[in-house]
Amino acid sequence: MFVARSIAADHKDLIHDVSYDFHGRRMATCSSDQSVKVWDKRENGEWQCTASWKTHSGSVWRVTWAHPEFGQVLASCSFDRTAAVWEEIVGESNDKQRGLSHWIKRTTLVDSRTSVTDVKFAPKHMGLMLATCSADGVVRIYEAPDVMNLSQWSLQHEISCKLSCSCISWNPSSSRAHPPMFAVGSDDSNVAYGGKVQIYEYNENTRKYSKAETLMTVTDAVHDIAFAPNLGRSFHVLAIATKDVRIFKLVPLRKESTATGPTKFEVQIVAQFDNHNSQVWRVSWNITSTLLASSGDDGCVRLWKANYMENWKCTGILKGDGSPLTGSSGQPSAMNMVVGSSVQNSQNILNGMSAGRIAKRAPFAPPLRQPTSPKINPSPAYY
């Protein structure tokens, strides 16, 4: 059963990104109206807008949450060439707004000379770090040395990727066997320049990031990229949104004891789907990396799942109005095999298909401890 619910976001222009906090109880949206809105889930499952403010002087492309151990912290990036860090402050007892919260800007990162296209906090085991990528082809990694003072951020690394950058994803693995790693995608439309996805790895000896791999088979513009959560695997799984959906496996090759360079990988493409028959704008994993959601210009969210033999298949399709897609390509029998609530992780991108790029985003919310009757994003059923 598929249920689509809508929310009156009240943005004045296209919504470009929707992001959930760690617990899935808060949501942030950003838009070309230059604003960010924060939504809290109430006990009855309704989403209530608790904050809305102008964040940049241009379209806001992305918004993302830090891990809650660092407080209630957001980062945003914009066409105005900046990224910003915001922190929620609860009013003091002598404040007129006692007990009420408001968001204040802690810092503005102004190193980019072109549009900042994506921003992501690093996995929490790395500390409070933030990566941005820009249309100038540079990835910048910042660190807050004192997590109690978010006004101070130092630029730790500047990595030139040679191609215009569109999206970035940290490898979430906390294993000591896996050095810090991120993947960056390019939306350069020139197919003559192959390798639109690059993998960078941190080297403890040089204390720098160096290129470990380039996925040469990806020659079309990349709109989104997402490492799958790593639950003890020795290899990495990477999903890519381009003119289709692609899933890659990166298997580290054993290093020689004297080797000092970046890890070499055996790159395997384990799945490739053109079911959207259009550009794919967002890919997003559930927390156990067993389910992948994608959304594209066909106005549909599609769910992908692998069996025990690692054969990936489409297990659900959702249209903008929430109705299942029927017909030869709709695979209704496959959809019926999916537990209903598992599909609803992607509901946020269905709220206002006509509103623009929100229809191209499909983030999963983290699982909730106690299922409720949410307005947009019910707790997913993970396998």
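Everything that follows concerns the structure shown earlier in this document.
Residues numbered from 1 in each chain as written. Predicted model: local features only at pLDDT ≥ 70, side-chain atom pairs only at ≥ 80, totals over all residues. Heavy atoms only, no water.

> Report on the overall build of the protein, specifying residues and quantitative values.
On a plain count of helices and strands, the protein comes out with two helices and 24 strands. Out of the 383 residues belonging to the protein, those deemed buried represent 55%. Taking all contacts inside the protein whose residues are at least 6 apart in sequence as the whole, residues at least 24 apart take part in 49%. In the structure as shown, the protein presents an accessible area of about 17000 Å², 48% of it carried by carbon and sulfur atoms. (Helix = DSSP H or I, 4+ residues; strand = E, 2+ residues; numbered from the N terminus. Buried < 20%, exposed > 50% of the residue type's maximum accessible area, 1.4 Å probe, protein only. Contact = heavy atoms within 4.5 Å. Areas by Shrake-Rupley, 256 points an atom, 1.4 Å probe, with all protein chains shown as cover.)

> Can you lay out the environment of Q156 for me, pointing to particular residues and giving the numbers?
Within the element layout of this structure, Q156 appears in strand β12 (residues 154-160). A residue is classified by how much of its surface remains accessible, and Q156, at 38% relative accessible area, is partly exposed. With 52 residues separating them in the primary sequence, Q156 and K208 have C-alpha atoms 9.1 Å apart. Not counting residues up to four positions away in its chain, the partners in contact with Q156 are I141, Y142 and E143. Side-chain polar atoms of Q156 contact the side chain of S154, separated by 2.6 Å. (Polar contact = N/O pair within 3.5 Å; in protein donor to acceptor, adjacent residues only side chain to side chain.)

> Mind laying out the sheet that holds strand β23 (residues 301-306), listing which residues take part and the relevant values?
Spatial strand order, β21-β22-β23-β24: four strands in an open sheet with antiparallel pairing. A strand with exactly one partner marks an edge of an open sheet, and here the two such strands are β21 (280-285) and β24 (312-318). For this sheet, the mean inter-axis angle between neighbouring strands, taken without regard to orientation, is 25°. Alignment of β21 against strand β22 (residues 291-296), held across five bridges, turns out to be antiparallel. When the bridges of β22 are listed, S284 appears paired with A293. (Pairing = 2+ DSSP bridges. Axes fitted to C-alpha atoms, helices over the stretch in contact; angles between N-to-C directions.)

> Talk me through the environment of D13; I want residue IDs and the actual numbers.
Along the chain, D13 turns up in the segment before β1 (15-20). You can call D13 partly exposed: its relative accessible area is 40%. Expressed as a C-alpha distance, the spacing of D13 and S32, which sit 19 residues apart in the sequence, is 5.3 Å. If we ignore the near neighbours within four places in the chain, the residues touching D13 are S31, S32 and D33.

> Can you lay out the environment of K319 for me, pointing to particular residues and giving the numbers?
Inspection of the secondary structure puts K319 in the loop between β24 and α1 (332-335). On the accessibility criterion, K319 (30% relative accessible area) is partly exposed. Counting along the chain gives 21 residues from K319 to D298, while the straight-line C-alpha distance between them is 8.8 Å.

> An account of the nonpolar core is requested, with residue identities and associated values reported.
In globular proteins that are soluble, nonpolar side chains generally tend to be buried together. Within the largest apolar cluster, 18 residues are counted, with the highest numbers of intra-cluster contacts made by V245, I247, V283, W285, L292, W304 and W312. Elements with a minimum of two residues in this core: β18 (236-241), β19 (245-252), β20 (265-273), β21 and β24. Apart from residues lying up to four places away in sequence, W312 is in contact with I247, V270, A271, F273, W285, L292, W304, K305 and A306. (Core = buried A, V, L, I, M, F, W, Y, C linked by side-chain atoms within 4.5 Å.)

> How would you explain the packing of aromatic side chains if you had to name every residue and give the values?
Enumeration according to the criterion identifies 12 aromatic pairs in this entry. Look at W53 and W86: their rings are 5.5 Å apart centre to centre, the planes differ by 65°, and that puts the pair in the edge-to-face class. Here W53 is found in strand β4 (residues 47-54), whereas its partner W86 is found in strand β7 (residues 83-90), with 33 residues between them in sequence. Exposure remark for W53: the relative accessible area of 14% places this residue in the buried category. (Phe/Tyr/Trp six-rings, centres within 6.5 Å; stacked < 30°, edge-to-face > 60°.)

> Which residues make up the pattern of salt bridges, and what values do they have?
Tallying each qualifying case throughout the model produces 16 salt bridges. One salt bridge in this structure joins D220 and K243, with 3.5 Å as the shortest N-O distance. With a gap of 23 residues between them, D220 in the loop between β16 (208-215) and β17 (224-227) and K243 in the loop between β18 and β19 connect regions that are remote in the sequence. Within the structure, one salt-bridge network assembled from shared partners comprises D17, R62, D118, K120, D224 and R282. (Salt bridge = Lys/Arg side-chain N within 4 Å of Asp/Glu carboxyl O.)

> Any details on the sheet that holds β17? Residues and values, ideally.
Taken in spatial order, the four strands of this open sheet run β17-β18-β19-β20, and their pairing is antiparallel. Taken across any chain shown, the strands that pair with only one partner, and hence form the sheet edges, are β17 and β20. Pairwise comparison of adjacent strand axes, ignoring direction, gives a mean angle of 20° for this sheet. One ladder, built from eight bridges, connects β19 with β20; its direction is antiparallel. Each residue of the ladder has a partner; that of R246, found in β20, is Q272.

> With reference to specific residues and values, describe unusual backbone geometry.
Within the chain, Q34 stands out as a residue other than glycine whose phi angle is a positive 75°. Among the structural elements, Q34 can be located in the loop between β2 (26-31) and β3 (35-41). At E310, a position not held by glycine, the phi torsion is positive, near 65°. Relative to the elements of secondary structure, E310 occurs in the loop between β23 and β24. A relative accessible area of 40% means that E310 is categorised as partly exposed.

> Now, about the pairing of β4: what can you tell me, with residues and values included?
Pairing geometry for β3 and β4, over seven bridges, is antiparallel. In the strand pairing of β4, S35 is matched with K54. Where β3 folds back onto β4 in an antiparallel hairpin, the turn is made up of five residues, including G45, whose phi is positive at roughly 90°.

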